[in-house]
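Residues per chain, in single letters:
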Amino acid sequence: MSGKYLVTGGAGYVGSVVAQHLLEAGRQVTVLDNLSTGFREGVPAGADFIEGDIRDATEWLDSTYDAVLHFAAFSQVGESVLKPEKYWDNNVGGTMALLAAMRSAGVRTLVFSSTAAAYGEPVSTPITESDPTAPTSPYGASKLAVDHMITGEAAAHGLAAVSLRYFNVAGAYGGCGERHDPESHLIPLVLQVALGRRESISVFGDDYPTSDGTCVRDYIHVADLAQAHLLALDAAVAGEHLICNLGNGNGFSVREVIETVREVTGHPVPEVVADRRGGDPAVLVASAATARERLGWNPSRADLAGIVADAWEFARARESAHE
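Visitor: Tell me about the overall build of the protein chain, residues and numbers included.
Guide: Within the protein chain, the regular secondary structure consists of nine helices and 14 strands. For a compact globule of 323 residues, the expected C-alpha radius of gyration is about 20 Å, and the protein chain comes in at 19 Å, within 12% of that figure. With respect to the three principal axes, the spread of C-alpha positions in the protein chain is 55 × 45 × 40 Å. A separation of at least 24 residues holds for 78% of the contacts in the protein chain among residues at least 6 apart in sequence. Counting every atom, the protein chain has about 13,400 Å² of accessible surface; 49% of that belongs to carbon and sulfur.

Right, dumping it as structure tokens:
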């Protein structure tokens, strides 16, 4: 398996793991990242690295590339509410520039890192790709706008494109794991409690109509996610924009995640019940039937304890490095 691929945002969490999987599959990888949220040490060994912005992709992209995998986006929901202009400028404006560079260079295959935030409050569960899209944040709206943009690009210019709408990505692979600043994802936040960096974990609402009263979310291991991107490259069809949800199809509650962290780490994790957060649906679970049918994708690391164990190993390694 060969080919040359540009990975935008490949110094970030998901992008770096996908770049690693591409290298392991024998493909040539160039990472393009401005390091505004990514980390230079996250770029896997064996990948070429360009420190630059996607708006300037025309400087580096040429016809020798087989495809682009696009992860370069701001992704903090709360920040997007406070600074929507930042998200429209980078996520939408930056992608417009990238698509223009691809068109100019004759690179006609794209895999886009989309998001379940495009759906907003679900009308039913599990969520399918045909469900209504009604994002509740500028982040989700910006990603949905890019999906619309890609649909037009495929129809007008023959782009072969796949958008992958992730649910909750977690775990670690090849020394790459979550290290957002600020951190907003549940599993790394609970692990910070286990490490003694936080006193407790906040449980936002314990009166939801779920088995234990806390919100239920669909978790997917980052390595399974990365494998979906490689399959998407091979499944992309000229003139078509395929959209696939990526999730395990079952959910775990907040309290189940906390208890799993206790079991995996052997550390106490005090929890504090807080008020519900606005816009938090009780259950968010994906239907990944389209990904199974069109990509041949079947997640192999659906066990929550395994996901947490990989994330814990990464968190401990980072803690040791900073001691």
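Visitor: If you had to explain the layout of surface pockets to someone new, which residues and values would you point to?
Guide: Size it by volume and the second largest pocket reaches roughly 370 Å³. For the second largest pocket, the lining is made up of 20 residues, of which Glu178, Arg179, Gln192, Arg197 and Arg318 are closest to its centre. Breaking the lining of the second largest pocket down by element, the ones donating at least two residues are helix 5 (186-194) and helix 9 (304-322). Here the lining of the second largest pocket gets six residues from one element, more than from any other, and that element is helix 9. Of the residues in the lining of the second largest pocket, the class split is eight nonpolar, four polar and eight charged.

Visitor: Before we move on, can you summarise helix 3 (residues 84-105) with the specific residues and values?
Guide: Taking 1.5 Å per residue, 22 residues should reach 32 Å; helix 3 reaches 31 Å between its end C-alpha atoms and fits that length. Of all the positions in helix 3, only Tyr87, Asn90, Asn91, Val92, Gly94, Thr95, Leu98, Leu99, Ala101, Met102 and Ala105 are classed as buried. Packing partners of the buried residues in helix 3 comprise strand 1 (4-8), strand 4 (67-70), helix 2 (77-82), strand 5 (109-115) and helix 4 (138-157). Positive backbone phi, at 75°, marks glycine 106, one or two positions downstream of helix 3.

Visitor: Lay out the sheet that holds strand 5 with the relevant residues and their values.
Guide: Here seven strands make up an open sheet; going across it, the order is 3-2-1-4-5-6-11 and the pairing parallel. Looking at the sheet topology across the chains shown, the edges are occupied by strand 3 (48-51) and strand 11 (241-246). Going across the sheet, the axis of each strand differs from the next one's by a mean of 20°, ignoring polarity. In the sheet, strand 1 pairs with strand 2 (residues 28-33) via five bridges, with the strands oriented parallel. Paired with tyrosine 5 across the bridge in strand 2 is valine 29. Relative to the sheet, helix 3 contacts strand 1, strand 4 and strand 5, its axis offset from that of strand 4 by approximately 170°. Sitting on the sheet, helix 4 touches strand 5, strand 6 (160-166) and strand 11, and the angle it makes with strand 5 is about 155°.

How each quantity is defined
Residues numbered from 1 in each chain as written. Predicted model: local features only at pLDDT ≥ 70, side-chain atom pairs only at ≥ 80, totals over all residues. Heavy atoms only, no water. Helix = DSSP H or I, 4+ residues; strand = E, 2+ residues; numbered from the N terminus. Rg over C-alpha atoms; globule rule 2.2 N^0.38 Å. Contact = heavy atoms within 4.5 Å. Areas by Shrake-Rupley, 256 points an atom, 1.4 Å probe, with all protein chains shown as cover. 1 Å grid on protein atoms, 1.4 Å probe; cavity = no way out; pocket = protein on both sides within 12 Å on 5 of 7 lines; lining within 4 Å. Points joined across faces, edges and corners; volume = space filled by probe spheres on them. Nonpolar A, V, L, I, M, F, W, Y, C, P; charged D, E, K, R; others polar. Expected span 1.5 Å × (residues − 1). Buried < 20%, exposed > 50% of the residue type's maximum accessible area, 1.4 Å probe, protein only. Pairing = 2+ DSSP bridges. Axes fitted to C-alpha atoms, helices over the stretch in contact; angles between N-to-C directions.

By themselves, these figures tell us nothing about what the structure is for.
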